[in-house]
Amino acid sequence: MRKASMERKTKETEISVSVNLDGTGVYDVETGIGFLDHMMEQLSRHSLIDITIRAKGDLHIDYHHTTEDVGIILGQTVGKALGDLKGITRYGNAIIPMDETCTRVSLDVSGRPFLVWKVDFSRDKLGEMDTELFLEWFRAFAFGAGLTLHVENMYGENNHHIIESSYKALARALRQAIEIDPRKSDAIPSTKGVLGDKVDI
């Protein structure tokens, strides 16, 4: 099984993460931020990646450092568990409807991190969480895991639905991309035979 654990300690946060890419979507998440916990649970459940997160951060200041650092270390841990990327399907995409909202995610497990973010909110906060922090999380996760990641909310009105459908679409696209291709389980999915390090493929 493809598993990994990592820790990140700074003056702002202290975070430990464990993942099992070949899991069943079991999660155990405590970040101190209720809405972020909920999104991490959605990510685990719909990607089938088992995720354990323990985070302590400077929440007395705001949620920025904890949210961003959870994205960084979770992405890095997923990247570590993927190893040399041999045998993966590599590409994934998902379109997720949620009531009046519909969101599309496309990604490439390329080792060349990039984020295209086409998601807007009509409110500054969801609960106590600033909506601008979702961009920070998705960017941190993409760069941590080495993903080329495109997130587009095609339409929607309810801000909760917009971000939840974004996480569910990420989860489903990631599940597709990291699955082992039974016809090429022994090969890097690139004509150059290598992924990452900004290699043109």
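Treat the numbers as computed from the prediction; the structure is a model and nothing was measured.

Counting its secondary structure elements, the protein contains four helices and 10 strands. Taken from N to C terminus, the helices and strands of the protein fall in the order β-β-β-α-β-α-β-β-β-β-β-α-β-α. Once the C-alpha set of the protein is aligned to its principal axes, its extents read approximately 45 × 40 × 30 Å. Pairs at least 24 apart in sequence give 76% of the contacts found in the protein among residues at least 6 apart. If you sum the accessible surface of the protein, you get close to 9,700 Å²; carbon and sulfur atoms cover 46% of it. Across the protein, 24 positive and 31 negative side-chain charges occur, with their mean positions spaced 7 Å apart.

Counting 57 residues, the largest nonpolar core has M40, I53, L74, W137, F138 and L149 as its most contacted members. Considering every element that reaches this core, the biggest residue donor is helix 4 (residues 159-178), with 10 residues. With residues near it in sequence (within four places) discarded, L149 still touches V105, S106, L107, F114, L115, V116, F138, A142 and L170.

This part is about the sheet that holds strand 7 (residues 114-118). Strand order in the open sheet made by the four strands is 5-6-10-7, with mixed pairing throughout. Strands with a single pairing partner mark the edges of an open sheet, and in this sheet they are strand 5 (91-98) and strand 7. Sheet twist, expressed as the mean angle between neighbouring strand axes with direction ignored, is 10°. Relative to strand 10 (residues 148-155), strand 7 runs parallel, the two sharing five bridges. The partner of W117 across the bridge, within strand 10, is V151. Docked against the sheet, helix 4 engages strand 5, strand 6 (101-108), strand 7 and strand 10, running at close to 150° with respect to strand 5.

This part takes up the packing of helix 1 (residues 34-47) against helix 4. In a pair of packed helices, the angle between the axes and the distance between the axes together describe the arrangement. Running from N to C, helix 1 and helix 4 cross one another at 35°; their axes reach a closest spacing of 8 Å. The element helix 1 and its partner helix 4 pack so that their crossing is right-handed. Within the contact between the two elements, helix 1 uses F35, L36, H38, M39, M40, Q42, L43, H46 and S47 and helix 4 uses H160, I163, E164, Y167, K168, L170, A171, R172 and R175. Of the residues belonging to the contact of helix 1 with helix 4, the class tally is nine nonpolar, five polar and four charged.

Conventions and cut-offs
Residues numbered from 1 in each chain as written. Predicted model: local features only at pLDDT ≥ 70, side-chain atom pairs only at ≥ 80, totals over all residues. Heavy atoms only, no water. Helix = DSSP H or I, 4+ residues; strand = E, 2+ residues; numbered from the N terminus. Contact = heavy atoms within 4.5 Å. Areas by Shrake-Rupley, 256 points an atom, 1.4 Å probe, with all protein chains shown as cover. Lys, Arg positive; Asp, Glu negative; His and termini not counted. Charge placed at Lys NZ, Arg CZ, Asp CG, Glu CD. Core = buried A, V, L, I, M, F, W, Y, C linked by side-chain atoms within 4.5 Å. Buried < 20%, exposed > 50% of the residue type's maximum accessible area, 1.4 Å probe, protein only. Pairing = 2+ DSSP bridges. Axes fitted to C-alpha atoms, helices over the stretch in contact; angles between N-to-C directions. Left-handed = near helix turned anticlockwise from the far one by under 90°. Nonpolar A, V, L, I, M, F, W, Y, C, P; charged D, E, K, R; others polar.

Any functional reading would require information beyond the geometric quantities listed.
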